[in-house]
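# Descriptive analysis of the structure
Residues per chain are reported as follows:
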Amino acid sequence: MSISIEKGANITPLTKTFKAFFIVLAALTLGSILFIIAGVNPFKAYITMIGASFGSLYGFSEVLVRATPITLCGLSVAFAAKMLLWNIGAEGQLVMGGIFSAGVALFLSEHIPSFTVIPVMVIAGCVGGGIWASIPAVLKYWKRVDEVLTSLLLNYVAIFLFQNLYYVTWRDPAGRGFPGTAKFPGIAFLPRFFGTRVHLGLVFAVFSVFLIYFIFSYTKWGYEIRVSGESTEAARYAKIKINRNMVLVMFFSGALAGIAGMSEASGIHFRLMEGLASGYGYTGILVAFLSKLNPFLVLTTSILFGALIFGGDHLQVVAQIPSAISTVIQSIILLSVLFGALVTRYRINVNMGGER
Amino acid sequence: MILGEITFVIIIAIQSSMSILYATLGEIYTERSGVLNLGIEGIMLMGALVGFATTFYTQNLLLGVLAAMIVGGLMASVHAFLTVTLQVNQVVSGITIFTLGIGLTDYFGQSLIGEVAPKFSVVGIPLLQDIPVIGQILFQQNALVYAAYILVPLMTIFLFNTKYGLNIRSVGEKPSTADTLGVNVFRIRYLCTIFGGMLAGLGGSYLSLSYIPGWRERMTGGQGWIAIALTIFSMRNPVFGSLGAVFFGLINAFRVYSQASQIAVPTFILKMLPYLCTIFVLVVVSKKDVFKNLGVPSALGKPYSREDN
Amino acid sequence: MKGIIKRFSRIVANNKVDFDLRVGEIHALLGENGAGKTTLMKILSGLYQPDEGKILIKGQTVRFRSPKDAMDMSIGMVHQHFELVPKLTVVENIMLGACKAVFIDIPEKEKEIQGLSEKYGLDVNPKSRIYQLSVGEQQRVEILKMLYRKVKILILDEPTSSLTANEVEKLFSTLRKLTKEGCSIIFITHKLEEVLEIADYITVLRRGKVAAAVNVKRIKQMNGLATSELAKMMVGREVILSVDKNEISTGKEILGIENLHVQGDRREESVRGISFSLNMGEIFGILGVAGNGQKEMVEAIVGLRSIKDGEIRRKGSMNYVPEDRINRAAVPGMSIADNLILTSYKDFSKPIFHKGLVRNHGRKLIKKYDIKPPFLSIPVKQLSGGNLQRLILARELSQKPNLLIAEQPTAGLDISSTEQVWKFLISQRENGAVLLVSGNLKEVLSISDRIAVIFRGSLMDIISVKNQPEKIEKIELMMAGFV
């Protein structure tokens, strides 16, 4: 009897189930190894994390707090990816959205009617992120430059701009050496719910989920995006204006990330300070991929990631395990999913009886 | 006196650019073979940590550097397996490796923060170091810098004047043609990706064993991304890559210098400059006729599969 | 090659083919598209393995598992689409995979290549990069690649398809020089006139079988009659199915083309001065082997390619059924319902999609055009060729255009699907006109009212099917390039 591994698998529903099973098993196993190295009982660790995240109102609210920006960034990346545009710049767009909305909060909010403050901040966040995302789009359209690299590079430009603002230009003179802008006036705070830290940003996130579903299923624009993402030739044949859509899609994508920035700044920090750019843009890429670009799955996956992150924070408090473990687990999950491709690409050939 | 100050700035520039330089050289080969590795930032971090940890525990610098290179190669081989064999999207795989590097180093590096280990010290080369100005700049550096002096020309000649270099370049431009002519596309992409990871690990270890030294969380501070920017900026030519690294290092050194001597140059603009320069180069290089020769390898980022061709 | 059989799923590409090549001979392999010529040569050059039959070199049976094996026996093939790396230089392309030493001494290699190119009349600058070269020059690089590897049997697949007349002459003189040195050449083509000029021997393939194998000298002795016999053998006139076509009176002009010039993807012009006029109620067939400019002409008419010179006049609405079904005319991953509105989606989304309307539209068309499987949500990539083509026709015809352009509409379809498609095309005459672009002689003759043969970007002649039967006789010759 011989066993050989060959390329090309029959993809049956059984294969898909096996693949899902394989992925979950791989993720749990690798995660357990990690916990064991840390000197912790993996079973206990998982239970603690789940318990913390879903066992109490406080826990779950903290999960949602983290899930909010991740959802928006995930939607941002997924929306663009539907048209095969890789928005690696969600991090920078988030920051720009935060900057624009902070500008409104710090300088405009006390001069306009109070009920317009939040809407204007939302618009500012959209515009900031949207413009920033349009730059790679325009470069791609005009000079055929790949958007992966340009959006990535612009992340850093945005971050340095941001640092300049809160260290220097908009620095709070009363800040006592702590780098950051002044605290936003109260009318620029996003309201919170039920005494937890969950803020209006969550509403924006959930709204965006439905908005995107609506766009893809019910609008002309969504149809054009879907066609363009599947086949450029067919899109040209159908007289779809691909270039115009490229810029619009990226703008919208950036706007979503911009709202994430706005809601972090006005919902959590209440000022511009270090910590606005904490990697949600990159997490969004992982989430979008895991969710296969489906907006509802983006929401659920983001909640899962939020639970991971909070679980990790909790473990740090309770068991002195560095909270970075949740970052490692995120990458373990993703690696497991990527390795899952093994199941669909290869098949095992078992040859009984020693025949050639 | 001005000469002294300029010399000082250049020396700092060279020293601070080494880690980026190694990472860039590695990524140049990786991308030349058609693979985009966005995980270098994570690999450099791992190299820095593992190199430092190994040296700390064994008190042997060479072992530390070797360990860093091995770890870099290992992480890159995961990326290679995912992207070349499993044909997973290269962007996602790279970001995953990046996240993994950050997570693992944040996690395992806690205990090593603040520790001290042997580090590379400046070794002057006899005779050469006495050349006025140039001697001071070029020949009073540490071993890793000297290694770079040799590596850059070697890598350049290898890439453009040997049959293996030709194979690498053809695989990155048009793998179907290379395959038809008997070149093993998969093997070359694996080797180049792993080599790139090894150099990135080496670059990371430079930070913890020479430049900073020591271990701090997230100590690469985005240098991996600069290396990717530099790979583009240099049009994937090792010589331009090293010059570009020094150029970016100069900008960096100038920034440090201006802060120290109270010259009023906005720091943040200088920080942005490398990235803006790279975007500029990207735009210029994309113009079809003039620079087509020098631009992006045509097959970069696209998985290759015999069935599709 | 003896008794070669090669199958791809159910299609028999080569059916018991025998093929002989003598030393120093230029042997032309003739036949229309799909006859099996390229397949046969891919077997000889090691890319494919035959299902049955064998290959003998100088009497010894050989087995090629890869192109490398064939190359070891000095057999090399230059494909229709060149295997060259655009950004590398000529020298680098030639050396790729054939370097003996580790170091490449570029100046020395340049000299060597220069010598080779001068010897055989293959002018090309070794220092230039491939993307800077014209098609003719690139072809020379490909041949030099083979010569550098000391190839003794050189196979060329449609070598003259993108060359100017001048370059064709140069190529032929190179080939003659090569044969004097003992090289043997196999030349795949569909251009009869060129073959008569250069070849020593001809084998004609039709539908995978050998239709004829003749010595060129003999043909020349037999003057013109033999030539047209050969042409017929290639294309194969069969009994024309009598297709029911009721008389429709033709009306005013729907499409007018004046002196159209269109640039191709490579450096040459694809369409070189085409003029014709299409009226209401008629089916106008543009007949020609693929690669003679039809694709570019159609793209210019529908707006997917810009016009270099000339004028296109059009009245009324136009719909287009492209040749590339699966990538251009349809979106493979999307559902039947979504695909059925690809060219009319704007009508269904005022202002947002009315799913009910879309579904009704889909159901109606599935029924009328007999699309199977008849489920709206199935992704279109699961459809067979015939069903996909019916879907596309359904979509375009239901918009009742004045002008329908149909490119190779029945390629790869079985007989019943083909007849169905023809029926739909004929019925379109009631709304307007049909511009039929096809390489299938039977198809064009069966349903067209007028026919124009296209060759190398111009129209050889415009013939009325009913009124000019004597010209119909000559159609195969026109397709092969004879005036």
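Since the model is a prediction, treat every value here as computed from it, not as a measurement.

What counts, and where the lines are drawn
- Residues numbered from 1 in each chain as written.
- Chains lettered and ligands numbered in written order.
- Predicted model: local features only at pLDDT ≥ 70, side-chain atom pairs only at ≥ 80, totals over all residues.
- Contact = placed C-beta atoms within 7 Å.
- Helix = DSSP H or I, 4+ residues; strand = E, 2+ residues; numbered from the N terminus.
- Nonpolar A, V, L, I, M, F, W, Y, C, P; charged D, E, K, R; others polar.
- Expected span 1.5 Å × (residues − 1).
- Core = buried A, V, L, I, M, F, W, Y, C linked by C-beta atoms within 7 Å.
- Buried ≥ 20, exposed ≤ 12 C-beta atoms within 10 Å, placed from the backbone.
- Pairing = 2+ DSSP bridges.
- Axes fitted to C-alpha atoms, helices over the stretch in contact; angles between N-to-C directions.
- Right-handed = clockwise from strand over helix to strand, strands pointing away.
- pLDDT = per-residue confidence, 0-100.

## Observations regarding the interface of chain B and chain A
Across the contact, 30 residues belong to chain B and 34 residues belong to chain A. When residues in the side of chain B that touches chain A are grouped by element, the largest group, 12 residues, is from helix H4 (residues 90–108) of chain B. When its residues are assigned to classes, the side of chain B that touches chain A shows 20 nonpolar, eight polar and two charged.

## Describing helix H3 (residues 61–85) of chain B
The end-to-end C-alpha distance of H3(B) is 35 Å, a good match for the 36 Å that 25 residues give at a rise of 1.5 Å each. Among the residues trailing H3(B), Gln87(B) stands out with phi positive, at a value near 55°.

## Things to note about the nonpolar core
One finds Ile405(C), Leu435(C), Leu436(C) and Val453(C) to be the most contacted residues of the largest nonpolar core, which totals 339 residues. In terms of residues, this core owes the most to one element, helix H3 (residues 57–81) of chain A, which gives 14 residues.

## Considering the sheet that holds strand E2 (residues 11–17) of chain C
Residue and element names in this part refer to chain C. Taken in spatial order, the four strands line up as E2-E1-E4-E5 in an open sheet, and their pairing is antiparallel. A strand with exactly one partner marks an edge of an open sheet, and here the two such strands are E2 and strand E5 (60–62). Within this sheet the neighbouring strands show an average axis-to-axis angle of 35°, counted without direction. Where strand E4 (residues 52–57) meets E5, three bridges bridge the pair, whose relative direction is antiparallel. Paired with isoleucine 55 across the two strands is valine 62, which belongs to E5.

## Examining the pairing of strand E16 (residues 403–407) of chain C
Residues and elements named next belong to chain C. Judged by how many residues are buried, E16 sits mostly within the fold: five of five residues are covered. Burial along E16 is two-sided: Leu403, Ile405 and Glu407 facing one way and Leu404 and Ala406 facing the other are all buried. Relative to E16, strand E15 (residues 318–321) runs parallel, the two being bridged by four bridges. Looking at E16, one finds that tyrosine 320 is bridged to isoleucine 405. Here five bridges tie E16 to strand E17 (residues 433–438), and the two strands are oriented parallel to one another. Pairing of isoleucine 405 across the sheet is with leucine 435, part of E17. In this view, the connection linking E16 to its parallel neighbour E17 by way of helix H16 (residues 415–427) has right-handed handedness.

## Quick word on the confidence of the model for chain C
Note that predicted coordinates carrying low pLDDT should not be read in detail. On average, residues of chain C score 85 in pLDDT, and 93% of them are at 70 or above. In the predicted complex, the global pTM is 0.84; the interface-specific ipTM is 0.82.

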